[in-house]
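Given next are the chains, with one letter for each unit.
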Amino acid sequence: PVQKCSYTRLWYYAHHIYSREKRTNMLQWSKDLSLTGFILPGKPGIICIEGEKKFCKEFNSLVRAMNWQLLKLQHEELGLAQEDIKFDGFKEMIFDVHGRDNKHQDLGQFRQYLMISGWK
């Protein structure tokens, strides 16, 4: 049985996430490690993962082993309980894309999604 407060949520900021291979790998790793959260591809890129601390740590190692222009662990939420998990599954989020080559996400829509989902 999983101990109470053994869950973690990690928020990453990336200069950009364009690579289909990176995105596919992260989707597969999250499934293999029973993690939930999302990838917001484009420029900038955002990754949020949540789940058992040991599996978040493993995901972190896998993600950091990839080549990035900039990848920063922006925020860590430690000591969460299972009921603090906010996402069902792990998915790629797409909002109105724009900009050169249609690679920029609408961060205003992303912020609105977070607010509607109960994030402050």
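Heads up: the structure comes first, above all this text.
What counts as what
Residues numbered from 1 in each chain as written. Predicted model: local features only at pLDDT ≥ 70, side-chain atom pairs only at ≥ 80, totals over all residues. Heavy atoms only, no water. Pairing = 2+ DSSP bridges. Helix = DSSP H or I, 4+ residues; strand = E, 2+ residues; numbered from the N terminus. Axes fitted to C-alpha atoms, helices over the stretch in contact; angles between N-to-C directions. Salt bridge = Lys/Arg side-chain N within 4 Å of Asp/Glu carboxyl O. Buried < 20%, exposed > 50% of the residue type's maximum accessible area, 1.4 Å probe, protein only.

Caption draft 1: Spotlight on the sheet that holds strand S3 (residues 45-52). If you trace the 5 strands from one edge of the open sheet to the other, you get S4-S1-S3-S2-S5, paired in mixed fashion. Unpaired on one side and paired on the other, strand S4 (71-80) and strand S5 (90-92) mark the two borders of the sheet. Across the sheet, the axes of successive neighbouring strands diverge by a mean angle of 10°, strand direction being ignored. Sheet topology note: the strand S2 (residues 36-40)/S5 ladder contains 3 bridges and is parallel.

Caption draft 2: Summary view of the pattern of salt bridges. Under the counting rule described, the total for this entry stands at 3 salt bridges. Here Arg 9 makes a salt bridge to Glu 50, at a shortest N to O gap of 2.7 Å. One end of the pair, Arg 9, is in strand S1 (residues 7-14); the other, Glu 50, is in strand S3, and 41 residues separate them in sequence. What makes Glu 50 buried here is its relative accessible area of 0%. Between Glu 77 and Arg 9 there is a salt bridge, with its nearest N and O atoms 2.7 Å apart.

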